[in-house]
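Below, each chain spelled out in residue letters.
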Protein chains: 2
Amino acid sequence: MELKEAIKKRQSIRAYEDKPVPEEKLKNVLEAARLAPSGNNRQPMKLVVVKESKRRQELGQAADGQTFVGEAPIVIAAVATEPEHIMSCGVPRYPVDLAIAVDHMTLAAVDEGLGTCWIGAFSQERVKEILKIPHKYRVVALLPLGFPRREKERKIRKSLEEIVCYETFTD
Amino acid sequence: MELKEAIKKRQSIRAYEDKPVPEEKLKNVLEAARLAPSGNNRQPMKLVVVKESKRRQELGQAADGQTFVGEAPIVIAAVATEPEHIMSCGVPRYPVDLAIAVDHMTLAAVDEGLGTCWIGAFSQERVKEILKIPHKYRVVALLPLGFPRREKERKIRKSLEEIVCYETFTD
(Lines give C-alpha, C1' and ligand atoms only; values in the text may rest on other atoms or scores of the structure.)
Protein backbone atom coordinates (compact mmCIF):
# COMPACT_ATOMS: atom_id res chain seq x y z
CA MET A 1 0.00 0.00 0.00
CA GLU A 2 1.12 3.53 -0.69
CA LEU A 3 2.36 5.42 2.36
CA LYS A 4 -0.13 8.22 1.72
CA GLU A 5 -3.01 5.75 1.69
CA ALA A 6 -1.85 4.07 4.90
CA ILE A 7 -1.66 7.44 6.65
CA LYS A 8 -5.14 8.39 5.42
CA LYS A 9 -6.70 5.03 6.29
CA ARG A 10 -5.19 4.56 9.75
CA GLN A 11 -7.80 5.09 12.42
CA SER A 12 -8.44 3.86 15.95
CA ILE A 13 -10.17 0.48 15.74
CA ARG A 14 -12.12 -0.54 18.83
CA ALA A 15 -13.91 -3.64 17.50
CA TYR A 16 -12.14 -6.67 16.05
CA GLU A 17 -13.18 -9.76 14.17
CA ASP A 18 -12.88 -13.02 16.07
CA LYS A 19 -10.29 -14.27 13.62
CA PRO A 20 -6.59 -14.94 14.16
CA VAL A 21 -3.90 -12.76 12.63
CA PRO A 22 -1.71 -14.74 10.21
CA GLU A 23 1.89 -15.02 11.41
CA GLU A 24 3.24 -13.37 8.28
CA LYS A 25 1.13 -10.27 8.91
CA LEU A 26 2.19 -10.10 12.55
CA LYS A 27 5.80 -10.44 11.48
CA ASN A 28 5.47 -7.58 9.01
CA VAL A 29 4.02 -5.36 11.72
CA LEU A 30 6.84 -6.20 14.13
CA GLU A 31 9.40 -5.70 11.38
CA ALA A 32 8.17 -2.12 10.92
CA ALA A 33 8.93 -1.49 14.60
CA ARG A 34 12.31 -3.13 14.25
CA LEU A 35 13.28 -0.74 11.45
CA ALA A 36 12.14 2.36 13.36
CA PRO A 37 14.76 4.88 14.37
CA SER A 38 15.64 5.60 18.00
CA GLY A 39 17.89 8.04 19.81
CA ASN A 40 21.53 7.13 19.15
CA ASN A 41 20.14 3.96 17.56
CA ARG A 42 19.94 2.39 21.01
CA GLN A 43 16.72 0.51 20.17
CA PRO A 44 15.79 0.48 23.87
CA MET A 45 12.63 -1.51 23.39
CA LYS A 46 10.89 -4.80 23.95
CA LEU A 47 7.60 -5.76 22.35
CA VAL A 48 5.59 -8.29 24.31
CA VAL A 49 3.18 -10.06 21.96
CA VAL A 50 0.20 -11.47 23.85
CA LYS A 51 -2.14 -14.00 22.28
CA GLU A 52 -3.44 -16.03 25.22
CA SER A 53 -7.07 -15.18 25.75
CA LYS A 54 -7.00 -14.96 29.53
CA ARG A 55 -3.96 -12.72 29.55
CA ARG A 56 -5.50 -10.44 26.92
CA GLN A 57 -8.62 -10.10 29.01
CA GLU A 58 -6.52 -9.23 32.04
CA LEU A 59 -4.82 -6.52 29.98
CA GLY A 60 -8.24 -5.18 28.97
CA GLN A 61 -9.19 -4.96 32.64
CA ALA A 62 -5.88 -3.26 33.41
CA ALA A 63 -6.61 -0.80 30.59
CA ASP A 64 -9.17 1.02 32.71
CA GLY A 65 -11.71 -1.63 31.78
CA GLN A 66 -11.48 -1.06 28.03
CA THR A 67 -12.59 -4.62 27.34
CA PHE A 68 -12.25 -4.26 23.55
CA VAL A 69 -8.50 -4.36 24.10
CA GLY A 70 -8.74 -7.98 25.21
CA GLU A 71 -11.10 -8.83 22.36
CA ALA A 72 -8.39 -8.25 19.77
CA PRO A 73 -6.64 -11.53 18.95
CA ILE A 74 -3.27 -9.95 19.74
CA VAL A 75 -2.20 -7.27 22.16
CA ILE A 76 1.31 -5.88 21.90
CA ALA A 77 2.84 -4.15 24.92
CA ALA A 78 5.55 -1.67 23.94
CA VAL A 79 8.12 -1.55 26.72
CA ALA A 80 10.88 1.01 27.17
CA THR A 81 14.00 -0.65 28.56
CA GLU A 82 15.88 2.63 29.15
CA PRO A 83 13.27 4.91 30.69
CA GLU A 84 15.70 7.17 32.55
CA HIS A 85 17.41 9.15 29.80
CA ILE A 86 16.46 12.80 29.36
CA MET A 87 17.51 14.44 26.08
CA SER A 88 19.47 17.69 26.28
CA CYS A 89 16.27 19.51 25.23
CA GLY A 90 14.74 18.38 28.52
CA VAL A 91 12.29 15.88 27.00
CA PRO A 92 12.45 12.25 28.18
CA ARG A 93 13.71 10.07 25.36
CA TYR A 94 11.78 6.87 26.01
CA PRO A 95 8.26 8.07 25.04
CA VAL A 96 9.67 9.43 21.78
CA ASP A 97 11.58 6.25 20.90
CA LEU A 98 8.65 4.00 21.72
CA ALA A 99 6.08 6.20 19.99
CA ILE A 100 8.10 6.08 16.78
CA ALA A 101 8.16 2.28 16.85
CA VAL A 102 4.46 2.01 17.69
CA ASP A 103 3.56 4.56 15.00
CA HIS A 104 5.46 2.46 12.48
CA MET A 105 3.42 -0.57 13.62
CA THR A 106 0.07 1.21 13.32
CA LEU A 107 0.86 2.12 9.71
CA ALA A 108 2.21 -1.34 8.88
CA ALA A 109 -0.98 -2.83 10.33
CA VAL A 110 -3.09 -0.81 7.88
CA ASP A 111 -0.86 -2.09 5.09
CA GLU A 112 -1.72 -5.64 6.23
CA GLY A 113 -5.46 -4.98 6.37
CA LEU A 114 -5.35 -4.91 10.17
CA GLY A 115 -6.51 -2.40 12.74
CA THR A 116 -4.93 -1.05 15.93
CA CYS A 117 -5.69 1.44 18.65
CA TRP A 118 -3.19 3.39 20.75
CA ILE A 119 -3.90 2.63 24.41
CA GLY A 120 -2.28 4.94 26.96
CA ALA A 121 -4.93 4.54 29.66
CA PHE A 122 -3.82 1.58 31.75
CA SER A 123 -2.33 0.73 35.11
CA GLN A 124 1.43 0.62 34.71
CA GLU A 125 1.85 -1.65 37.72
CA ARG A 126 -0.93 -4.05 36.81
CA VAL A 127 0.30 -4.49 33.21
CA LYS A 128 3.80 -5.14 34.52
CA GLU A 129 2.44 -7.82 36.85
CA ILE A 130 0.43 -9.50 34.11
CA LEU A 131 3.36 -9.57 31.67
CA LYS A 132 6.13 -10.09 34.26
CA ILE A 133 7.91 -6.95 33.15
CA PRO A 134 10.75 -5.83 35.45
CA HIS A 135 9.87 -2.85 37.60
CA LYS A 136 12.70 -0.71 36.17
CA TYR A 137 11.18 -0.73 32.68
CA ARG A 138 8.23 1.33 31.48
CA VAL A 139 5.24 0.30 29.38
CA VAL A 140 4.46 3.16 26.99
CA ALA A 141 1.51 1.76 25.06
CA LEU A 142 -0.72 -1.24 24.61
CA LEU A 143 -1.59 -1.94 21.01
CA PRO A 144 -4.48 -4.29 20.22
CA LEU A 145 -4.10 -5.78 16.76
CA GLY A 146 -6.65 -7.62 14.63
CA PHE A 147 -8.94 -7.48 11.65
CA PRO A 148 -11.27 -4.47 12.04
CA ARG A 149 -14.91 -5.37 12.60
CA ARG A 150 -16.12 -1.94 11.70
CA GLU A 151 -14.50 1.26 10.65
CA LYS A 152 -15.28 4.72 11.80
CA GLU A 153 -16.08 7.74 9.79
CA ARG A 154 -13.41 9.99 8.33
CA LYS A 155 -10.76 11.69 10.42
CA ILE A 156 -11.61 14.93 12.17
CA ARG A 157 -8.53 17.11 12.16
CA LYS A 158 -7.55 20.74 12.50
CA SER A 159 -6.64 22.48 9.24
CA LEU A 160 -3.01 22.92 8.22
CA GLU A 161 -3.42 26.65 8.94
CA GLU A 162 -4.25 25.85 12.54
CA ILE A 163 -1.19 23.73 13.19
CA VAL A 164 1.47 25.32 10.98
CA CYS A 165 3.14 28.70 11.39
CA TYR A 166 6.12 30.20 9.62
CA GLU A 167 9.44 31.51 10.90
CA THR A 168 8.23 32.26 14.40
CA PHE A 169 5.46 30.96 16.63
CA THR A 170 1.95 32.32 16.17
CA ASP A 171 -1.17 31.10 17.90
CA MET B 1 5.92 5.09 -2.63
CA GLU B 2 4.97 1.90 -0.82
CA LEU B 3 4.89 2.19 2.97
CA LYS B 4 7.34 -0.72 3.30
CA GLU B 5 9.83 1.02 1.02
CA ALA B 6 9.52 4.32 2.90
CA ILE B 7 10.17 2.55 6.22
CA LYS B 8 13.20 0.76 4.77
CA LYS B 9 14.63 3.85 3.07
CA ARG B 10 14.20 6.33 5.92
CA GLN B 11 17.52 7.15 7.49
CA SER B 12 19.06 10.07 9.34
CA ILE B 13 20.31 12.56 6.77
CA ARG B 14 22.98 14.96 7.97
CA ALA B 15 24.01 16.58 4.66
CA TYR B 16 21.60 18.43 2.38
CA GLU B 17 21.72 19.81 -1.11
CA ASP B 18 21.68 23.58 -1.41
CA LYS B 19 18.37 23.47 -3.24
CA PRO B 20 14.97 24.68 -2.08
CA VAL B 21 12.17 22.28 -1.23
CA PRO B 22 9.18 22.77 -3.55
CA GLU B 23 6.10 24.02 -1.70
CA GLU B 24 4.04 21.02 -2.77
CA LYS B 25 6.52 18.63 -1.19
CA LEU B 26 6.62 20.64 2.03
CA LYS B 27 2.84 20.66 2.09
CA ASN B 28 2.69 16.90 1.71
CA VAL B 29 5.09 16.45 4.61
CA LEU B 30 3.05 18.77 6.84
CA GLU B 31 -0.16 17.06 5.76
CA ALA B 32 1.21 13.74 7.05
CA ALA B 33 1.65 15.38 10.47
CA ARG B 34 -1.83 16.85 10.30
CA LEU B 35 -3.35 13.39 9.77
CA ALA B 36 -1.39 11.82 12.63
CA PRO B 37 -3.34 10.55 15.62
CA SER B 38 -3.02 12.09 19.08
CA GLY B 39 -4.39 11.32 22.53
CA ASN B 40 -8.14 12.04 22.59
CA ASN B 41 -7.60 13.63 19.17
CA ARG B 42 -6.52 16.84 20.88
CA GLN B 43 -3.90 17.59 18.22
CA PRO B 44 -1.91 19.61 20.77
CA MET B 45 0.77 20.67 18.34
CA LYS B 46 2.27 23.52 16.40
CA LEU B 47 4.82 23.09 13.65
CA VAL B 48 7.07 26.09 13.13
CA VAL B 49 8.50 26.00 9.60
CA VAL B 50 11.75 27.93 9.37
CA LYS B 51 13.27 28.90 6.03
CA GLU B 52 15.19 32.11 6.79
CA SER B 53 18.88 31.34 6.59
CA LYS B 54 19.96 33.33 9.65
CA ARG B 55 17.28 31.76 11.83
CA ARG B 56 18.18 28.27 10.63
CA GLN B 57 21.80 28.87 11.49
CA GLU B 58 20.80 30.06 14.94
CA LEU B 59 18.84 26.85 15.38
CA GLY B 60 21.90 24.84 14.34
CA GLN B 61 23.91 26.65 17.01
CA ALA B 62 21.16 25.99 19.56
CA ALA B 63 21.25 22.32 18.57
CA ASP B 64 24.48 21.77 20.46
CA GLY B 65 26.36 23.19 17.47
CA GLN B 66 25.09 20.62 14.97
CA THR B 67 25.58 23.05 12.10
CA PHE B 68 24.18 20.67 9.48
CA VAL B 69 20.77 21.41 10.98
CA GLY B 70 20.99 24.98 9.71
CA GLU B 71 22.28 23.85 6.34
CA ALA B 72 19.00 22.17 5.48
CA PRO B 73 16.78 24.58 3.51
CA ILE B 74 13.97 24.04 6.02
CA VAL B 75 13.94 23.30 9.73
CA ILE B 76 10.65 22.34 11.36
CA ALA B 77 10.26 22.78 15.11
CA ALA B 78 7.63 20.44 16.56
CA VAL B 79 6.04 22.16 19.54
CA ALA B 80 3.78 20.56 22.15
CA THR B 81 1.09 23.00 23.23
CA GLU B 82 -0.22 20.82 26.10
CA PRO B 83 2.94 19.57 27.78
CA GLU B 84 1.41 18.98 31.21
CA HIS B 85 -0.85 15.97 30.71
CA ILE B 86 0.25 12.63 32.15
CA MET B 87 -1.57 9.54 30.85
CA SER B 88 -3.04 7.18 33.42
CA CYS B 89 -0.17 4.78 32.68
CA GLY B 90 2.17 7.42 34.12
CA VAL B 91 3.81 8.39 30.81
CA PRO B 92 3.67 12.05 29.73
CA ARG B 93 1.42 12.37 26.71
CA TYR B 94 3.16 15.18 24.84
CA PRO B 95 6.32 13.32 23.70
CA VAL B 96 4.14 10.50 22.37
CA ASP B 97 1.75 12.81 20.48
CA LEU B 98 4.56 14.84 18.98
CA ALA B 99 6.70 11.81 18.10
CA ILE B 100 3.82 10.29 16.16
CA ALA B 101 3.42 13.46 14.11
CA VAL B 102 7.16 13.80 13.48
CA ASP B 103 7.45 10.12 12.58
CA HIS B 104 4.70 10.60 10.02
CA MET B 105 6.69 13.54 8.59
CA THR B 106 9.94 11.58 8.36
CA LEU B 107 8.20 8.88 6.32
CA ALA B 108 6.35 11.39 4.13
CA ALA B 109 9.66 13.12 3.47
CA VAL B 110 11.13 9.89 2.08
CA ASP B 111 8.05 9.58 -0.12
CA GLU B 112 8.87 13.05 -1.49
CA GLY B 113 12.54 12.24 -2.14
CA LEU B 114 13.57 14.33 0.87
CA GLY B 115 15.67 13.60 3.92
CA THR B 116 15.26 14.43 7.61
CA CYS B 117 17.03 13.84 10.89
CA TRP B 118 15.47 13.67 14.35
CA ILE B 119 17.16 16.28 16.53
CA GLY B 120 16.59 15.98 20.26
CA ALA B 121 19.87 17.55 21.32
CA PHE B 122 19.18 21.28 21.61
CA SER B 123 18.67 24.01 24.16
CA GLN B 124 14.97 24.23 24.92
CA GLU B 125 15.28 27.82 26.10
CA ARG B 126 17.40 29.01 23.19
CA VAL B 127 15.12 27.47 20.56
CA LYS B 128 12.12 29.07 22.25
CA GLU B 129 13.85 32.45 22.13
CA ILE B 130 14.78 32.11 18.46
CA LEU B 131 11.28 31.07 17.42
CA LYS B 132 9.37 33.22 19.96
CA ILE B 133 7.65 30.18 21.41
CA PRO B 134 5.74 30.82 24.66
CA HIS B 135 7.50 29.50 27.73
CA LYS B 136 4.58 27.20 28.67
CA TYR B 137 4.99 25.11 25.52
CA ARG B 138 7.62 22.47 24.88
CA VAL B 139 9.74 21.86 21.78
CA VAL B 140 10.03 18.09 21.31
CA ALA B 141 12.13 17.89 18.15
CA LEU B 142 13.83 19.88 15.45
CA LEU B 143 13.51 18.34 12.02
CA PRO B 144 15.80 19.56 9.23
CA LEU B 145 14.26 18.86 5.82
CA GLY B 146 15.87 18.93 2.39
CA PHE B 147 17.18 16.92 -0.51
CA PRO B 148 19.79 14.45 0.79
CA ARG B 149 23.34 15.15 -0.38
CA ARG B 150 24.52 11.71 0.49
CA GLU B 151 22.99 8.66 1.99
CA LYS B 152 24.39 6.37 4.58
CA GLU B 153 24.82 2.67 4.44
CA ARG B 154 22.06 0.27 5.41
CA LYS B 155 20.37 0.30 8.78
CA ILE B 156 21.99 -1.45 11.70
CA ARG B 157 19.26 -2.94 13.84
CA LYS B 158 18.79 -5.65 16.43
CA SER B 159 17.12 -8.82 15.17
CA LEU B 160 13.40 -9.42 15.72
CA GLU B 161 14.36 -12.11 18.25
CA GLU B 162 16.16 -9.51 20.32
CA ILE B 163 13.24 -7.11 20.56
CA VAL B 164 10.20 -9.40 20.55
CA CYS B 165 9.04 -11.78 23.26
CA TYR B 166 5.84 -13.73 23.63
CA GLU B 167 3.19 -13.77 26.35
CA THR B 168 5.47 -12.53 29.11
CA PHE B 169 8.63 -10.49 29.27
CA THR B 170 11.95 -12.21 28.62
CA ASP B 171 15.34 -10.54 28.33
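It should be emphasised that the depicted structure is a prediction, and the values quoted were computed from it without experimental measurement. (Residues numbered from 1 in each chain as written. Chains lettered and ligands numbered in written order. Predicted model: local features only at pLDDT ≥ 70, side-chain atom pairs only at ≥ 80, totals over all residues.)

(A) Molecular detail of the overall build of chain A. Helix and strand counts for chain A come out as 7 helices and 5 strands. Secondary structure elements of chain A, listed N to C terminal, follow the sequence α-α-β-α-α-β-α-β-α-β-α-β. Seen through its C-alpha atoms, chain A measures out along the principal axes to roughly 50 × 40 × 30 Å. Residues counted as buried form 50% of the 171 residues belonging to chain A. Taking the contacts inside chain A whose residues are at least 6 apart along the sequence as the reference set, 79% of them involve residues at least 24 apart. (Helix = DSSP H or I, 4+ residues; strand = E, 2+ residues; numbered from the N terminus. Buried ≥ 20, exposed ≤ 12 C-beta atoms within 10 Å, placed from the backbone. Contact = placed C-beta atoms within 7 Å.)

(B) Summary view of the interface of chain A and chain B. The partner chain B presents 67 residues to the 67 residues of chain A that form the contact. With 10 residues, the single largest contributor to the side of chain A that touches chain B is helix H5 (residues 93–111) of chain A. When its residues are assigned to classes, the side of chain A that touches chain B shows 39 nonpolar, 10 polar and 18 charged. Looking at chain direction, strand S1 (residues 45–50) of chain A and strand S5 (residues 164–166) of chain B are connected through 3 bridges and run parallel. Bridge pairing in S5 of chain B links Val49 of chain A to Tyr166 of chain B. (Nonpolar A, V, L, I, M, F, W, Y, C, P; charged D, E, K, R; others polar. Pairing = 2+ DSSP bridges.)

(C) Unusual backbone geometry, seen in detail. All names here are of chain A. Despite not being glycine, Asp64 has its phi angle at roughly 50 degrees, a positive value. Accessibility expressed as a C-beta count within 10 Å gives 14 for Asp64, which makes it partly exposed. With a phi angle near 70 degrees, Glu167 is a residue other than glycine that sits in the positive phi range. Assignment of secondary structure puts Glu167 in the segment after strand S5 (164–166). Residue Glu167 is classed as partly exposed on the basis of its C-beta count, with 14 C-beta atoms lying within 10 Å.

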